[in-house]
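For reference, the chains in residue letters:
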Amino acid sequence: MKKILAVLAVIFVICAASAAFAAEPIKIGYLAALTGDYAQYGITEVNMAKMVVADLNAKGGVLGRKIELIPYDTKTRNEDAVNAVRRMIESDKVCAIIGANSSGINIATAPIVAKGTTPQISTVGTNPLVTVDNKGKVRPYSFRICFTDPYQGSLAADLAYKDLKKHKAAILYNVGSDYAQGLREFFTKSYTKLGGKIVADEGFRETDVDFRAQLTKVKDSGADVLFLPGMGKDMALAIKQAQELGLKVTIIGGDGYAEFMNEIAGSAMKGTYWINHTYLGDPGMAPIFARYKKVYKDDCKEFVNGTMAYDATYWLVDAIKRAGKAEGPAIAKALETTKNLKLNHATLTMDPATHNPLNKAGIILKVGDDLKTSFYKKVEPK
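Residues numbered from 1 in each chain as written. Predicted model: local features only at pLDDT ≥ 70, side-chain atom pairs only at ≥ 80, totals over all residues. Heavy atoms only, no water.

## A few points about the nonpolar core
Piece 1. I28, L31, M48 and W315 are the most contacted members of the largest nonpolar core, which totals 64 residues.
Piece 2. The biggest single contributor to this core is helix 11 (residues 303-323), with 11 residues.
Piece 3. Non-local contacts of W315, meaning those with residues more than four positions away in its chain, are made with I121, F143, R144, I145, L335, T338, L341, L343, L348 and M350.
Piece 4. The next biggest cluster of nonpolar side chains, apart from the first, holds 55 residues, and it includes A33, F260, Y273 and I364. (Core = buried A, V, L, I, M, F, W, Y, C linked by side-chain atoms within 4.5 Å. Buried < 20%, exposed > 50% of the residue type's maximum accessible area, 1.4 Å probe, protein only. Helix = DSSP H or I, 4+ residues; strand = E, 2+ residues; numbered from the N terminus. Contact = heavy atoms within 4.5 Å.)

## A closer look at the confidence of the model for the protein
Piece 1. With 94% of its residues at a pLDDT of 70 or more, the protein shows a mean pLDDT of 93.
Piece 2. Across residues 1-21, where pLDDT falls below 50, the model places eight contacts with residues more than four positions away in sequence or in other chains. (pLDDT = per-residue confidence, 0-100.)

## Some thoughts on the sheet that holds strand 16 (residues 373-379)
Strand pairs in the sheet, formed through backbone hydrogen bonds, run parallel or antiparallel to each other.
Piece 1. Within the open sheet, the seven strands sit side by side as 7-6-8-9-10-15-16. Their pairing is mixed. Bordering the open sheet on either side are strand 7 (197-204) and strand 16, each of which pairs with just one other strand. Taking each pair of neighbouring strands and ignoring which way they run, the sheet shows an average axis angle of 20°.
Piece 2. Note: strand 6 (residues 168-174) against strand 8 (residues 225-228), three bridges, orientation parallel. Following the sheet pairing, A170 is matched in strand 8 by L226.
Piece 3. Along the sheet face, helix 7 (residues 212-221) touches strand 6, strand 7 and strand 8 and points at about 175° away from the line of strand 7. (Pairing = 2+ DSSP bridges. Axes fitted to C-alpha atoms, helices over the stretch in contact; angles between N-to-C directions.)

## A closer look at the environment of A169
Piece 1. Residue position: A169 is located in strand 6.
Piece 2. The class of A169 is buried, set by a relative accessible area of 0%.
Piece 3. Spatially, the C-alpha atom of A169 lies 5.2 Å from that of A223, the residues being 54 residues apart in sequence.
Piece 4. Ignoring any residue separated from it by four or fewer positions in sequence, one finds A169 in contact with F187, Y191, K197, I198, V199, A200, A223 and V225.

## Side note on the sheet that holds strand 4 (residues 120-122)
Piece 1. Ordered by their spatial adjacency, five strands build an open sheet running 2-1-3-4-5, and the pairing between neighbours is parallel. The open sheet has two edge strands, strand 2 (67-73) and strand 5 (142-144), and neither has a second partner. Neighbour to neighbour, the strand axes of the sheet diverge by 25° on average, direction disregarded.
Piece 2. Summarising the sheet, strand 3 (residues 96-98) and strand 4 pair through two bridges and their orientation is parallel. Paired with I98 across the two strands is I121, which belongs to strand 4.

## Structural notes on the pairing of strand 7
Piece 1. Here strand 6 runs beside strand 7; their pairing, made up of seven bridges, is parallel. Looking at strand 7, one finds that A170 is bridged to A200.
Piece 2. Taken together, strand 6, helix 6 (residues 178-194) and strand 7 form a β-α-β motif whose crossover is right-handed. (Right-handed = clockwise from strand over helix to strand, strands pointing away.)

What follows is the structure in structure tokens.
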């Protein structure tokens, strides 16, 4: 009789485990630009997240349930992103959302995720307003895994003024971009505080592809450094056109840098500097990049986005585990109280007052003669 009861107990445990794994999957949304000018960023991010989900599901999932990743295309437009987030929350019933990498999109979706009590993690949304409102009050369901523009702007200013001894700066920026406007503002504050002078401050519209008029003004201003707080394509075109105009300045940009810019700007990219979150040779990411190449038969070209997406997915899964349930409010609380979480590119501790990572280091990259980025220096927060 005892043997029969023992066998029945084992069968019960197996059936219970099987039933749990057969339960409704844990649904996670992924918001990314999958078409358009910035598709390279978004496709890399979603690919990385899919790789993490596949690995976790092969090991049994989370809380005894499989994970289902549900990606949506923002098309790099706020209105498409807002509609996508509504569908994720109302129709797909996701418990959390990763992405987007755009500050403007995350700012636009913040009220939607707050109303739907669904946490959202921005991968590379650096504008302060991604996680706090205009009064500095934290947005309860908005988080980021990256550093912010005040820090990024100060790194660019220090690089220009202190390291490179460039004391006359010009800025070329997209007037309709929250990211560009924020980074421009914080670079200007830090640079002028150091003693530098802004000698040209030129704007352009989202649809512009010809920046020669603005660059001619930059050339005439006598600037010795050009700061580009933009995203891949517009910066690459500006850099190429600057070379064509014979503009002799050092070029510094932010984390909107992308490898595909080299294909557009070619040799004009040589000697440019970029503030970023990680670097291609990061030893913590090396095996992951190798795995990416094996799975997708291609290099992880947009390695920054790949890194942030990979670690953001693991951070979210860790929060779900600590929450003990796949429910938005509990997950948000777990994200907010993250402390000393060892990820691949950094150790993560959140500031509950801002939903920003504490003490996130910045990486400065330089494009060499071979058009490959190399590690220039790492800067720890003071």
